[in-house]
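# Analysis of the macromolecular model
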Amino acid sequence: MPLQDQLYNYFELDQRVRAMRSRLDAATRRKDAQQRKLDQLKQAAAELDQQLKTAKAHASTLQSEADAIDERINTQRDKMNSATSNKEYSALLVEVNTLKADKSKVDDAQLESLTKADILDAEAKALGEKVEAQSKLVANATKEVDEAQSEVGDKLKELEVERDAAGEPISDDIRKTFDRLSHTYDGEAMAEISEQDRRRMEYTCGGCYTLLPVESVNALITKPDQITACGTCNRILYVSSELRESLAASK
Ligand SMILES: [Zn+2]
């Protein structure tokens, strides 16, 4: 098989592999994107949960403080009732008033903490719902990937084997060039030449539509074991069998 045909064969199989794989890739990309979103939501939920725990713990600490102050106030009030002098009574009264002021501050701080905990709790619930909804999206996307996989998986593997076999007779250098072009042009490493005017020998590159020099066209026809590339876009050129036959017939 001449090099040009080997390359075209390889190209055609590669195109089929790419088309089949693109569905699978698209499904996988969609799944990955949904999964990333879910991970972010879960991370945010974990952080919120931590903040909520901190706020609740703080409120509970303040509650203990308030209880301790209350206990102290009660104790001092009892002492006031059994005070034996005005001086003792006044001193206890000052202390109780100071304790009441302290208690009021602790109560305010506790209320603030509880309010914060309530807000965080509501946020955590809303976020939890988002996590749940997002988990469903991930599950659906995963199902789509599985479906695509079972649908094209085996066929894709067979086709890849076939394509790789078709590439074997082609030298490494040429295959590297092909792969590089394939990467650049998203699989379109080769371009078919298209006839504009046979009498004037006008042919264009099917990839970039540039008019090709006559020598390129001649080389394509007469040197099937050589690569002829478009001078403008570098794609490897090929001639359809119909055009080749009709050109051969007209000579
Ligand atoms: Zn071109």
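Higher on the page you've got the structure.
This section reports on the structure supplied with the text. Predicted model only: the values in this text are computed from it and were never measured. (Residues numbered from 1 in each chain as written. Predicted model: local features only at pLDDT ≥ 70, side-chain atom pairs only at ≥ 80, totals over all residues. Heavy atoms only, no water.)

### Things to note about the packing of helix H1 (residues 3-81) against helix H2 (residues 86-167)
Two numbers describe how H1 lies on H2: the axes approach to 4 Å, and their chain directions differ by 165°. It follows from the interaxial angle that H1 and H2 lie roughly antiparallel. For the pair H1 and H2, the sense of crossing is left-handed. Looking at the contact of H1 with H2 residue by residue, the classes come out as 41 nonpolar, 16 polar and 28 charged. (Axes fitted to C-alpha atoms, helices over the stretch in contact; angles between N-to-C directions. Helix = DSSP H or I, 4+ residues; strand = E, 2+ residues; numbered from the N terminus. Parallel < 35°, antiparallel > 145°, perpendicular 65-115°, else oblique. Left-handed = near helix turned anticlockwise from the far one by under 90°. Nonpolar A, V, L, I, M, F, W, Y, C, P; charged D, E, K, R; others polar.)

### Observations regarding the environment of Ala141
With respect to the helices, strands and loops of the structure, Ala141 is situated in helix H2. Residues Ala141 and Lys125, spaced 16 residues apart in sequence, show a C-alpha to C-alpha distance of 24 Å. In this view, Ala141 contacts Lys31 and Gln34; residues no more than four positions away in its chain are not counted. (Contact = heavy atoms within 4.5 Å.)

### Structural notes on the coordination of the zinc ion
In the first shell of the zinc ion, the protein supplies Cys205 (SG), Cys208 (SG), Cys230 (SG) and Cys233 (SG), at 2.2 to 2.3 Å from the metal. Viewed at the metal, the 4 donor atoms of the zinc ion are separated by angles of 104 to 113°, and the geometry they form is tetrahedral. All donor residues of the zinc ion come from one chain, and their arrangement in sequence is C-x2-C-x21-C-x2-C. Placement of Cys205 in strand S2 (residues 202-205) and of Cys233 in the loop between helix H4 (214-222) and strand S3 (236-238) is noted, with a sequence separation of 28 residues between them. Here Cys205 and Cys233 have matching classes, each one buried. (Donors = N, O, S within 2.8 Å, 3.2 Å for Na, K, Ca; no water. Tetrahedral: all angles 85-135°; square planar, octahedral: opposite > 155°, others 65-115°. Buried < 20%, exposed > 50% of the residue type's maximum accessible area, 1.4 Å probe, protein only.)

Purely geometric stuff here, so don't read any function into it on its own.
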